[in-house]
Amino acid sequence: MTDPSDIDGDVWVTPRYLAGGAANVDPALKPLFDLCFDRHNDEYGNLYLASPDRKVRLGFLPEGDDDGLWRITAYTDPFAAPAWGVCFNDTAPTELVTAFTTALATAYAAGPGAYLHNGAEQDRYDAIAPLLDERWKPQYTGYGSALALRSPDGMAGLEYATGRLDPQQEITTLQARWYMEGGPKGPRWYATASTGTPVPLVAAVTTALADPAPVARWDSFLSPLLRPHVQLTPVVPPPPPAPTPLDVHRRTKARPRPALTTTSVPRWSTSSSTHPAAARR
């Protein structure tokens, strides 16, 4: 059983795609730290990671120019344009980022054939299957998307764009091959992945997105916009209320009395000289 003190939060949030970002982002960075990625912080507090060969880079940008909090890119050559790029904004559930960086670390350890495989040459179904398994429904968007799915409650979605896209815009804007989003009307979280992103890496995100298991958050930091749409459960159930005097009375009344036994009442022999009647003579 997990020790509640090890959980980063005091409530479980369901569904996870409405939980917002977690307070602790270390789990999303750890897979790349474990591979000894170089680290650099700028004067504003942004964090930059780079693989030893500089072909995989991550930026954690709380003080960036826009709401793109996480930007991950990969390169066939350290000085070339990115082969693919992925972005998560500042309200995306951190578990999605952790799923991606964990899959990326595994792919990087396996070699360039895994983390630089062009996603356009792979079967996209592997990335949408986790959502279909959780009864996400196909939608017609009317915007030229080859595929669009919505969660059963309509609060999260995925779009896979068809046709030719501008490689530069895929990296720097929302006009990417893969687009995921969630939340009530108004500001929503989003995640994008460009055409070249290996499908297994996208599938890691959609698998985490479709996972019905709740995620931990601090109740006091949960967005008021999300509260009406989520189910909250305490990480540690509250202790049962103290018994009332009536509860104590009922329990005492319900307690069975001890049964009488042959040894519970003294027995005197009629022939004994110590019989009380004989003692008075």
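What comes next concerns the included structure. The structure displayed is predicted, hence computed values, not measured ones.

The next subject is the overall build of the protein chain. When helices and strands are tallied, the protein chain shows eight helices and 13 strands. Counting only residues that meet the buried cut, the protein chain has 40% of its 281 residues in that class. Of the contacts formed within the protein chain by residues at least 6 apart in sequence, a portion of 53% connects residues at least 24 apart. For the protein chain, the exposed surface amounts to about 16600 Å²; the carbon and sulfur share of it is 56%.

Quick look at the pairing of strand S4 (residues 56-60) now. The two faces of a sheet get side chains in turn, since along a regular strand they alternate between them. In terms of burial, S4 is largely enclosed, as four of its five residues are buried. Counted along the chain from strand S3 (residues 47-50) to the antiparallel partner S4, the turn is five residues long, and its residue Arg 54 has a positive phi close to 65 degrees. Here five bridges tie S4 to strand S5 (residues 68-74), and the two strands are oriented antiparallel to one another. Opposite Phe 60, over in S5, you have Trp 70 as the bridge partner.

Here we come to the environment of Ala 105. Structurally, Ala 105 is set in helix H2 (residues 94-110). On a C-alpha basis, the gap between Ala 105 and Pro 31 in space is 5.9 Å, while along the polypeptide they are 74 residues apart. Excluding residues within four positions of it along the chain, Ala 105 makes contact with Pro 31, Leu 32 and Leu 35.

Moving on to the sheet that holds strand S1 (residues 11-14). With antiparallel pairing, three strands are arranged side by side in an open sheet as S12-S1-S13. Edge strands, defined here as strands with exactly one partner in the open sheet, are strand S12 (215-217) and strand S13 (231-234). When strand polarity is set aside, the average angle formed by the axes of neighbouring strands in this sheet is 40 degrees. Taken together, the three bridges between S1 and S12 define a ladder with antiparallel strand orientation. Across the sheet, residue Val 11 finds its bridge partner in S12, namely Arg 217.

Here the focus is helix H1 (residues 26-33). Of all the residues in H1, the buried ones are Ala 28, Leu 29, Pro 31 and Leu 32. The buried residues of H1 occupy an angular sector of 150 degrees when projected down its axis, which confines them to one face. Tucked inside the fold, the buried residues of H1 contact S3, S4, S5 and H2.

Here is what the cut-offs are and how they apply
Throughout this description, residue numbers start from 1 for each chain and increase along the sequence as written. Residues qualify for local features only when their pLDDT is at least 70, as the model is predicted, and side-chain atom pairs are given and counted only at 80 or more; totals for whole chains, interfaces and linings, by contrast, use all residues. In computing side-chain values, all of the structure's heavy atoms are included and hydrogens and water are not. Strands are runs of DSSP state E lasting at least 2 residues, helices are runs of H or I lasting at least 4, and numbering of each runs from the N terminus. To sort residues, take the accessible area from a 1.4 Å probe on protein chains only and compare it with the maximum for the residue type: under 20% means buried, over 50% means exposed, and anything in between is partly exposed. Residue contacts are defined here by distance: any two heavy atoms, one from each residue, within 4.5 Å place the two residues in contact. Here the Shrake-Rupley method, with its probe set to 1.4 Å, supplies the accessible areas, and only the displayed protein chains count as covering residues. The criterion for strand pairing is that DSSP finds at least two bridges linking the strands in question. Axis geometry follows a simple rule: fit a line to the C-alpha atoms, using only the stretch in contact for helices, then measure angles between N-to-C directions, giving values from 0 to 180 degrees. What the arc covers is the set of directions going from the helix axis to the C-beta atoms.

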